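# Survey of secondary and tertiary structure
The residues making up each chain are set out below.
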Amino acid sequence: MNVSLAKDLSVYQLVMGVQAPPKPLSLSPATLLSLVRAQIDLLIEQQIAATLWVKLPPEKIWQLELARYQSSVGASSLIYTCQIEENKEDAPTQGHGDAEKELSASPHLSVTPSSSSPHHVPVYLPPHSQLRRENFLMVLSPQFCSLILAHRPLKKRKNQTSGKVSTNKNQPLLIITTVEGRIIQQVLNGIQQAATPESSPIIPADFICPTVPEPALMNQLLAKQLLRQDEINRQIVTVRTTKLQQQNQELHNKEQLKDEYLKNVCQELRIPLTHMKTALSLLNSPNLKPPQRQRYLQILNTQCDQQNSLITGLLDLVQLERDLEATTLESVRLSDIVPGVVSTYQPVAQEKGIMLAYTVPTELPAVWCVSGGLRQIVINLLHNSIKFTPNGGQVWVRARTQGDSVQLEFRDTGIGIADHEIPKIFDRFYRVRTTLAEDRGGAGLGLTIVQQLLLRSGGSISVKSKVNEGSTFTVQLASVSDIPGAIATANE
């Protein structure tokens, strides 16, 4: 069997071209699916061997309906399946074998038998066919004929006055369903007129489309449509209910995190105030000796610094989280940032007798990072390395390429981090416990800020550490030649 159509056609225009055409209804794709399923249910139940002309969405849920009918009725049915043939420039090849090659060499619509079944005939349509915006199921048999047609209207053009574009992401379909013989005959005539003279007949010569199906078949079809529509509605309700439950759970989790966050903030701010209040009360003692007075004044000074550090860190984190989504990524070189930060911390390292060195090759590729973020990352990590390294220790900063990324490593011979603490160090306000006499106080927000900046930049950070031996913080940043995940997600 071979059928070629010499010109393009639109089933929707053929239907609307009849006298007193049926009025299209604005319905959802879910309703179209329920109509198709009800139609297939009737054909299977009555074992009606029909010729089907179909163009349905390519998703599995639609194609399973055709497979269900063909497996039930078997060899007595014949299915013409219309498929849009994509341009090689516009879409990947779908793999239609010889039929695809014949189509690319011919300007006509061509129909060739499927290699998998002689009763399934694929109809390949050109990329710009009018049928691109249509889906339909046409049933042709002596005892029953029907047509289910869905047309997607063109998107509205850009408004020249307001400059706004009307999107139709959720725009309903215009659906027509009919069993009128005159309308179905009009579609058949249109297909026959478009066929080339050498094409095989698309229906038997003696076929007559019944004017109206038997009342019993119509009653059964209506009953099945109601059942299938009810099934679809229940599925939709289930999906929406599940989605709402997930959204409610997410909101609940966010509220819990917010409450926990506020609780932690209050606790952290209360600690320095408690120490300051204690020191002030002790300073009022009439028998206070000068060394004791000096000690309590030092406590007040230290706790004021701690309070200021907490408030500054909180403000920085709040500002960062508020502005991070709108912050753009920039291309930056490590060799432009790291040396300057290291030189700033050299006096601090020398005061503690710490050997501070860096290795950042100038030929390293640029990396993606949020605007101003790389300097803050280097400052926070280098500050921690020096802070938690005892006098006479060593701190190294080294950069190198690692696949499509650039790796920035901060290694020290400091106090190290216990294994059970490593998963917590990026939590807000978490501070590593230490037995050293030197004060290790801080806001506990530095690593949190580093992690937030890296997540927005499409990068990552990992930690290796051993107590009393030192720690290594490794930062991975996407090179400019690679597209980080943060950019890819934003583009989608």
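Structure first, text after, so check above.
Residues numbered from 1 in each chain as written. Predicted model: local features only at pLDDT ≥ 70, side-chain atom pairs only at ≥ 80, totals over all residues. Heavy atoms only, no water.

### Description of unusual backbone geometry
Non-glycine residue alanine 20 carries a positive phi angle of around 50°. The residue alanine 20 is located in the loop between helix 1 (11-16) and strand 2 (25-27) in this model. For glutamine 47, which is not glycine, the phi dihedral falls at a positive 50°. (Helix = DSSP H or I, 4+ residues; strand = E, 2+ residues; numbered from the N terminus.)

### Overview of helix 9 (residues 373-387)
The periodicity of an α-helix, 3.6 residues per turn, causes residues three or four positions apart to be oriented the same way. When the terminal C-alpha atoms of helix 9 are compared, their 21 Å separation across 15 residues agrees well with the 21 Å that a helix rising 1.5 Å per residue should span. Within helix 9, burial applies to Gly373, Leu374, Ile377, Val378, Asn380, Leu381, Leu382, Ser385, Ile386 and Lys387. (Expected span 1.5 Å × (residues − 1). Buried < 20%, exposed > 50% of the residue type's maximum accessible area, 1.4 Å probe, protein only.)

### Digging into the packing of helix 2 (residues 29-45) against helix 3 (residues 60-73)
One can describe the packing of helix 2 onto helix 3 by two numbers: an axis separation of 10 Å at closest approach and a directional angle of 5°. On the basis of the axis angle, helix 2 is roughly parallel to helix 3. Residue-level contacts link Pro29, Leu32, Leu33, Val36, Arg37, Ile40, Asp41, Leu43 and Ile44 of helix 2 to Ile61, Trp62, Glu65, Arg68, Tyr69 and Ser72 of helix 3. (Axes fitted to C-alpha atoms, helices over the stretch in contact; angles between N-to-C directions. Parallel < 35°, antiparallel > 145°, perpendicular 65-115°, else oblique. Contact = heavy atoms within 4.5 Å.)

### Let's talk about the nonpolar core
Residues Leu334, Leu381, Leu382, Leu408 and Phe473 are the most contacted members of the largest nonpolar core, which totals 49 residues. At 7 residues, helix 8 (residues 334-351) tops the list of elements feeding residues into this core. Discounting residues that sit within four places of it in the chain, phenylalanine 473 has contacts with Leu381, Leu408, Glu409, Phe410, Ile417, Ile425, Leu447, Ile461, Ser462 and Val463. Among the nonpolar cores identified, the runner-up in size contains 32 residues, and Tyr12, Val15, Leu140 and Ile191 belong to it. (Core = buried A, V, L, I, M, F, W, Y, C linked by side-chain atoms within 4.5 Å.)

### As for the side chain of threonine 81
By the element assignment, threonine 81 lies in strand 4 (residues 78-84). Residues within four places of threonine 81 in sequence aside, it is in contact with Val54, Leu66, His120, Val121, Pro122 and Val123.

### Overview of the packing of aromatic side chains
What the rule picks out here adds up to 1 aromatic pair. Ring geometry for tryptophan 53 versus tyrosine 80: centroids 4.4 Å apart, planes at 15°, classification stacked. With tryptophan 53 in strand 3 (residues 51-55) and tyrosine 80 in strand 4, this pair connects stretches of sequence that are 27 residues apart. Exposure class is identical for tryptophan 53 and tyrosine 80. Each is buried. Stacked on the ring of tryptophan 396, the Lys or Arg arginine 411 has its end atom at 4.4 Å from the ring centre. (Phe/Tyr/Trp six-rings, centres within 6.5 Å; stacked < 30°, edge-to-face > 60°. Lys NZ or Arg CZ within 6 Å of the ring centre and 35° of its normal.)

### A look at helix 2
Here helix 2 spans 24 Å end to end across 17 residues, near enough to the 24 Å set by a 1.5 Å rise per residue. For helix 2, the buried fraction is high: 14 of the 17 residues fall into the buried class. The first or second residue beyond helix 2 is glutamine 47, which carries a positive phi of 50°.

### Let's talk about the sheet that holds strand 14 (residues 405-412)
Spatial strand order, 11-13-14-16-15: 5 strands in an open sheet with mixed pairing. A strand with exactly one partner marks an edge of an open sheet, and here the two such strands are strand 11 (355-359) and strand 15 (460-466). When the angles between neighbouring strand axes are averaged without regard to direction, this sheet yields 15°. Bridge analysis of strand 14 against strand 16 (residues 470-478) gives 7 bridges, and the strand direction is antiparallel. Directly across from glutamate 409, in strand 16, lies its bridge partner threonine 474. On top of the sheet, helix 9 reaches strand 11, strand 13 (394-402), strand 14, strand 15 and strand 16; it is set at about 25° to strand 14, its chief contact. Most of the contacts of helix 10 (residues 446-457) go to strand 16, to which it runs at about 25°, and overall it touches strand 15 and strand 16. (Pairing = 2+ DSSP bridges.)

Spatial relationships are all this shows, so hold off on functional conclusions.
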